[in-house]
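Per-entry structural report
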Amino acid sequence: MDTRLTRIFILLATVGTLFSACKTGRELSGGAAVAERAIAAQPDFSSLDIKRMTVNITTNDGTSYTSPATCRIIRDSVVHLSIQPIFGIEMFMAQLTPDRFVVLDKMRKIAYTGTYEQLGERMGMVINFTSLQALLTNRLFVLNSEEGSLNRLKAETHKGMKTLQHTRIPVRQQFILNNAFRIQETRISAVVGNYHFTARYDGFTNQDLLVFPYQQTMNLEAGSKRYSLGLTITRMIINMNPQIPSVSLQGYRIGNIDQLLK
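Residues numbered from 1 in each chain as written. Predicted model: local features only at pLDDT ≥ 70, side-chain atom pairs only at ≥ 80, totals over all residues. Heavy atoms only, no water.

To continue, consider the overall build of the protein. Each helix and strand counted, the protein has 4 helices and 14 strands in total. Across the protein, the fraction of contacts at a sequence separation of at least 24, relative to all contacts at a separation of at least 6, is 46%. In the form shown here, the protein has an accessible surface area of approximately 14900 Å², with 55% of it arising from carbon and sulfur atoms. (Helix = DSSP H or I, 4+ residues; strand = E, 2+ residues; numbered from the N terminus. Contact = heavy atoms within 4.5 Å. Areas by Shrake-Rupley, 256 points an atom, 1.4 Å probe, with all protein chains shown as cover.)

Within the element layout of this structure, D49 appears in strand β1 (residues 47-58). Polar contacts involving the side chain of D49 include one to the side chain of K51, which spans 3.1 Å. Non-local contacts of D49, meaning those with residues more than four positions away in its chain, are made with C71, R72, R235, M236, I237 and P242. (Polar contact = N/O pair within 3.5 Å; in protein donor to acceptor, adjacent residues only side chain to side chain.)

Looking now at unusual backbone geometry. For K109, which is not a glycine, the phi torsion comes out positive at approximately 60 degrees. Locating K109 in the fold gives a position in the loop between β5 (100-105) and β6 (110-114).

Here we take up a nonpolar patch on the surface. Judged by side-chain polarity, I86, F87 and I89 come together as a nonpolar surface patch covering roughly 380 Å² of accessible area. Within the element layout of this structure, I89 appears in the loop between β3 (78-83) and β4 (92-97). Among the residues examined, I89 registers a relative accessible area of 49% and is labelled partly exposed. (Patch = residues over 30% accessible without salt bridge, like charges linked within 9 Å, V, L, I, M, F, W, Y side chains within 5 Å. Salt bridge = Lys/Arg side-chain N within 4 Å of Asp/Glu carboxyl O. Buried < 20%, exposed > 50% of the residue type's maximum accessible area, 1.4 Å probe, protein only.)

Right, here's the structure in full:
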């Protein structure tokens with residue numbers, strides 16, 4: 001080959017390689033920037049005291065139940081949900097702490113309690129306190145990971161839609177972000193098998209410098225089982241350290257977790 005042509009070919013190849021490297025670098029830095037902005041945009045709070053909200057629950061047999069409720073959250077410590085359908089009379093109570101959950105059926109005097117591992121085995125998913133708290137508060141989390149670092153989330157952009165992804169068998173996670181880099185929808189599915197969970201967040205409202213979704217809809221499909229939970233918040237107080245009622249199982253008989261999920 002002519003020496004001049006050889007030099008031109010080498011020059012073009014070098015420029016092409018550099019261009020490709022620069023493009024890859026821009027894509028990587030762009031993806032990292034999306035992840036960083038999503039992490040920074042998460043709602044930051046020490047406590048939430050949801051004074052008024054409506055809960056709608058649809059069970060596996062298609063039965064739908066709607067009731068007023070309250071919810072108190074002290075971050076990384078406790079989630080306390082109270083369902084009060086009749087003039088503030090508490091009929092159901094659920095309290096989540098990092099090591100266990102308790103659900104009280106006060107009408108039938110039945111208590112359901114156990115670990116998240118037990119609950120996860122029956123629902124076909126990895127469950128822990130951190131992920132449940134994150135789902136309720138529009139925050140990011142990583143399932144099935146020893147460290148659970150948010151740096152494991154990988155950003156992708158497709159047709160203008162920004163997402164964060166994480167897959168570690170047997171679970172695949174996807175967070176769909178809105179224009180403010182907040183979570184619009186969380187999707188969790190099994191790599192193999194019929195398991196799908198979605199959480200949709202709407203009605204973002206700015207209160208006391210905290211932007212929070214006042215409408216949430218969660219749906220779970222696990223085999224033949226179907227569950228749905230809808231939450232609509234109408235009044236919430238932020239960072240005022242709400243009092244969490246103590247839970248006593250005295251006078252309750254212990255129910256089977258399988259019965260709780262039916």
